Amino acid sequence: MKTLISACLLGGTLIGISATAAGAVDLAELAPCKPAAARLCDRSEGMTFSGLMHCGATLAAHSWRISEDCRAVLKKYGQL
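Residues numbered from 1 in each chain as written. Predicted model: local features only at pLDDT ≥ 70, side-chain atom pairs only at ≥ 80, totals over all residues. Heavy atoms only, no water.

Peer 1: With reference to specific residues and values, describe the pattern of salt bridges.
Peer 2: For the structure on display, the rule yields 2 salt bridges. Across the pair Arg71 and Glu68 runs a salt bridge, and its minimum N-O distance is 2.8 Å. Here the residue Arg71 and the residue Glu68 both occupy positions in helix H4 (residues 68-76), the gap between them amounting to 3 residues, near one helical turn. Owing to a relative accessible area of 19%, Arg71 belongs among the buried residues under this scheme. (Salt bridge = Lys/Arg side-chain N within 4 Å of Asp/Glu carboxyl O. Helix = DSSP H or I, 4+ residues; strand = E, 2+ residues; numbered from the N terminus. Buried < 20%, exposed > 50% of the residue type's maximum accessible area, 1.4 Å probe, protein only.)

Here it is in structure tokens:
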């Protein structure tokens, strides 16, 4: 379960990584978004690229329902 949530969070950062050509992502930076991803993200698709992109988009779309720390992570990786 932890791996799946981390993968969902990582998916939300993939757009920002490709846009900024950033290096490796520190998974510890994504920790503030774990509770929001567990509540809001649909994991029925499994760990597909499409599913991971939807998770990042879902968190961005519900930015008023997530913590300020999670919003900062989404901003850092270009989701907000």
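Peer 1: Lay out the environment of Asp42 with the relevant residues and their values.
Peer 2: Tracing the chain through its elements places Asp42 in the loop between helix H2 (34-40) and helix H3 (49-61). With 12 residues separating them along the chain, Asp42 and His54 place their C-alpha atoms 8.1 Å apart.

Peer 1: Now, about the state of the cysteines: what can you tell me, with residues and values included?
Peer 2: Following the criterion strictly, the structure yields 2 disulfides and no others. The disulfide bridge from Cys33 ends at Cys70, spanning 2.0 Å between sulfur atoms. Taking the torsion about the S-S bond as the criterion, the Cys33 to Cys70 disulfide, at about 110 degrees, is right-handed. One end of the pair, Cys33, is in the loop between helix H1 (2-20) and H2; the other, Cys70, is in helix H4, and 37 residues separate them in sequence. Each sulfur in the disulfide pair Cys41 and Cys55 lies 2.2 Å from the other. (Disulfide = S-S within 2.5 Å.)

Peer 1: Requested: an account of the nonpolar core, with residues and values cited.
Peer 2: If you look at the biggest cluster of nonpolar residues, it comprises 13 residues, and the most contacted ones within it are Leu59 and Ile66. Secondary structure elements with two or more residues in this core: H2, H3 and H4. (Core = buried A, V, L, I, M, F, W, Y, C linked by side-chain atoms within 4.5 Å.)

Peer 1: Please give an account of H4 that cites residues and values.
Peer 2: For an α-helix the count is 3.6 residues per turn, leaving residues at separations of three or four pointing the same way. Among all positions of H4, only Cys70, Arg71, Val73 and Leu74 are buried. Angularly, the buried residues of H4 cover 155 degrees about the axis, an arc narrow enough to put them on a single face. For H4, exposure combined with an orientation more than 90 degrees from the buried face picks out Asp69, Lys75 and Lys76. A positive phi of about 75 degrees marks Gly78, the residue just after H4. (Arc of directions from axis to C-beta.)

Peer 1: Tell me about the environment of Pro32, and name the residues and values.
Peer 2: Within the secondary structure, Pro32 is located in the loop between H1 and H2. With 35 residues separating them along the chain, Pro32 and Ser67 place their C-alpha atoms 7.5 Å apart. When residues no more than four places from it in sequence are discounted, the contact partners of Pro32 are Ser67, Asp69, Cys70 and Val73. (Contact = heavy atoms within 4.5 Å.)

Peer 1: Report on the confidence of the model for the chain, specifying residues and quantitative values.
Peer 2: When pLDDT is averaged along the chain, the result is 73; 60% of the residues meet or exceed 70. In the model of the chain, H1 stands out as the element of lowest mean pLDDT, 50, in contrast to H4, which has the highest, 91. Across residues 14-22 the pLDDT falls below 50, and counting only partners more than four positions away or on other chains, this stretch makes 11 contacts in the model. (pLDDT = per-residue confidence, 0-100.)

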